[in-house]
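What follows is the residue order along each chain.
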Amino acid sequence: MNSVEDLVSSVDGGREPPDGLVVPLLALWLARKGRWDDAHEVAQELETTMGSWIHAYLHRVEGDLGNAGYWYRRAGKPAKSTTEGLNDEWLEIATAALET
């Protein structure tokens, strides 16, 4: 994956994630596809700051803001309190994941 646009296109155009996605991008791909349980399972394997951020985002999608807050603290990111801006945050996380 070279860009966020490539990642979004792969979600829009595919039933399964492309081969070779790094774990953070796989979790994001699954999240964007609406496969929350699969994305959460992948995120749980990421014991990194990025993994914590993805995990926080997923719990915000789920509506579990208390759990999301815990993961935002672990990621060193400010907690978000509503489901507004989920797409913007997904794009922000994807951009950061592609830069690592």
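Conventions we followed
Residues numbered from 1 in each chain as written. Predicted model: local features only at pLDDT ≥ 70, side-chain atom pairs only at ≥ 80, totals over all residues. Heavy atoms only, no water. Patch = residues over 30% accessible without salt bridge, like charges linked within 9 Å, V, L, I, M, F, W, Y side chains within 5 Å. Areas by Shrake-Rupley, 256 points an atom, 1.4 Å probe, with all protein chains shown as cover. Salt bridge = Lys/Arg side-chain N within 4 Å of Asp/Glu carboxyl O. Lys, Arg positive; Asp, Glu negative; His and termini not counted. Charge placed at Lys NZ, Arg CZ, Asp CG, Glu CD. Helix = DSSP H or I, 4+ residues; strand = E, 2+ residues; numbered from the N terminus. Buried < 20%, exposed > 50% of the residue type's maximum accessible area, 1.4 Å probe, protein only. Phe/Tyr/Trp six-rings, centres within 6.5 Å; stacked < 30°, edge-to-face > 60°. Lys NZ or Arg CZ within 6 Å of the ring centre and 35° of its normal. Core = buried A, V, L, I, M, F, W, Y, C linked by side-chain atoms within 4.5 Å. Axes fitted to C-alpha atoms, helices over the stretch in contact; angles between N-to-C directions. Parallel < 35°, antiparallel > 145°, perpendicular 65-115°, else oblique. Left-handed = near helix turned anticlockwise from the far one by under 90°. Contact = heavy atoms within 4.5 Å. Nonpolar A, V, L, I, M, F, W, Y, C, P; charged D, E, K, R; others polar. Expected span 1.5 Å × (residues − 1).

Trainee: Mind showing me how you'd approach a negative patch on the surface here?
Mentor: Judged by side-chain charge, Asp37, Glu41, Glu45, Glu62 and Asp64 come together as a negatively charged surface patch. Its location among the elements puts Glu62 in helix α4 (residues 49-62). Judged by its relative accessible area of 44%, Glu62 is partly exposed.

Trainee: What exactly am I supposed to notice about the packing of aromatic side chains here?
Mentor: The geometry of an aromatic ring pair comes down to the distance between the two centres and the angle between the two planes. For the structure on display, the rule yields one aromatic pair. When the ring of Tyr70 is compared with that of Trp71, the centres are 5.0 Å apart and the planes differ by 85°; the resulting orientation is edge-to-face. By relative accessible area, which is 37% here, Tyr70 ends up partly exposed. The residue whose ring lies beneath Arg32 is Trp90, and the NZ or CZ to ring-centre distance is 4.4 Å.

Trainee: Help me understand the side chain of Ser52 in this model?
Mentor: Note that Ser52 resides in helix α4. Under the relative-accessibility criterion, Ser52 is labelled buried at 4%.

Trainee: What am I meant to see in the pattern of salt bridges here?
Mentor: Opposite charge on two side chains allows them to pair when their charged atoms are near. Throughout the structure, instances matching the rule amount to three salt bridges. Close ionic contact of Glu16 with Arg35 constitutes a salt bridge, the shortest N to O distance being 3.4 Å. Separated by 19 residues along the polypeptide, Glu16 in the loop between α1 (4-13) and α2 (23-32) and Arg35 in the loop between α2 and α3 (36-44) bring together distant segments of the chain. Between Asp38 and Arg35 there is a salt bridge whose closest N-O contact spans 3.0 Å. The network of salt bridges with common partners includes Glu16, Arg35 and Asp38.

Trainee: Is there a simple way to think about the nonpolar core in this case?
Mentor: It is characteristic of soluble globular proteins that their nonpolar side chains tend to be buried jointly. Counting residues in each nonpolar core, the largest one holds 30 residues, and the members touching the most others are Leu7, Leu28, Ile54, Tyr57, Leu58, Trp90 and Ile93. Elements with a minimum of two residues in this core: α1, α2, α3, α4, α5 (65-75) and α6 (86-99).

Trainee: What's the story with the packing of α1 against α2 in this structure? I'm lost.
Mentor: The relative placement of two packed helices is expressed as an angle between their axes plus a distance between the axes. Direction vectors running N to C along α1 and α2 enclose 50°, while the axes themselves pass 10 Å from each other. Relative to α2, the element α1 lies oblique. The way α1 lies across α2 gives a crossing that is right-handed. Between α1 and α2, the contacting residues are Leu7, Val8, Ser10 and Val11 on the first element and Leu25, Trp29 and Arg32 on the second. A class-by-class count of the residues in the contact of α1 with α2 yields five nonpolar, one polar and one charged.

Trainee: Before we go on, may I ask you to explain α4 in this structure?
Mentor: Owing to its 3.6 residues per turn, the α-helix brings residues three or four apart onto one side. Look at α4: 20 Å from first C-alpha to last across 14 residues, which is about the 20 Å you get at 1.5 Å a residue. Every buried residue of α4 is accounted for by Met50, Gly51, Ser52, Trp53, Ile54, His55, Ala56, Tyr57, Leu58, His59 and Arg60. Taken together, the buried residues of α4 touch α2, α3, α5 and α6. Backbone geometry just after α4 places Gly63 at a positive phi near 95°.

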